[in-house]
Amino acid sequence: MSQSGATVNQECITAYNELKLSKKYTYVIYKLSDDNKEIVIDSTSADGPDYDDFREKLINAKTKSKTGAVGKGPRYAVYDFQYQLSSGEGTRNKITFIAWSPDDAGIMAKMVYASSKEALKRALPGIAAELQANDPDDIEYESVIKTVSKGAASA
């Protein structure tokens, strides 16, 4: 359980294991349920397989406030990045946890997501890198690969 009291739905763990072990997915996007009591799956790479689909889903994510207003919303995501090493030593994979919290999302939503993040991360063993993203530029593919590979990926 997280500081916010939110629990991680078992489907989140199952989808993560399918990404990690059987490579069924390239990414899984998670969200808090409307009552903020549970972390659930928002979407997966089965709904749109490439990075542009993933990025658009994060940028266009919506959250409903307690008053019923709908605005930009935070999300959690796990992406299995594959990249070539610039040294020519082959291909690497890194499972990366991304905490997407747009600057223009509601304060309450950002606070609940921040206080629930660790519960989800603890439920997903084997994450190699973590990224905090607050702006669409933070999730540009080239920028993310540079961070994930620590500069070792070829352009």
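- As annotated in an unreviewed UniProt entry, the protein carries the name Cofilin and comes from Cercophora newfieldiana.
- The heading Subcellular location (unreviewed entry) in the UniProt record of the protein holds the text "Nucleus matrix".
- Per UniProt, the protein has the following entry under Sequence similarities (unreviewed entry): "Belongs to the actin-binding proteins ADF family."

## Quick look at the sheet that holds strand 7 (residues 91-100)
Then comes step 1: With mixed pairing, the 6 strands of this open sheet are ordered in space as 1-3-2-6-7-8. The open sheet terminates on both sides in strands that have one partner only, identified here as strand 1 (7-8) and strand 8 (129-133).
Then comes step 2: With 2 bridges joining them, strand 1 and strand 3 (residues 38-44) adopt parallel strand pairing. Its bridge partner lying in strand 3, T7 is registered against E38.
Then comes step 3: Most of the contacts of helix 4 (residues 141-148) go to strand 6 (residues 75-84), to which it runs at about 75°, and overall it touches strand 6, strand 7 and strand 8.

Parameters and conventions
Residues numbered from 1 in each chain as written. Predicted model: local features only at pLDDT ≥ 70, side-chain atom pairs only at ≥ 80, totals over all residues. Heavy atoms only, no water. UniProt positions renumbered as here; feature names shortened; annotations may be inferred. Pairing = 2+ DSSP bridges. Helix = DSSP H or I, 4+ residues; strand = E, 2+ residues; numbered from the N terminus. Contact = heavy atoms within 4.5 Å. Axes fitted to C-alpha atoms, helices over the stretch in contact; angles between N-to-C directions.

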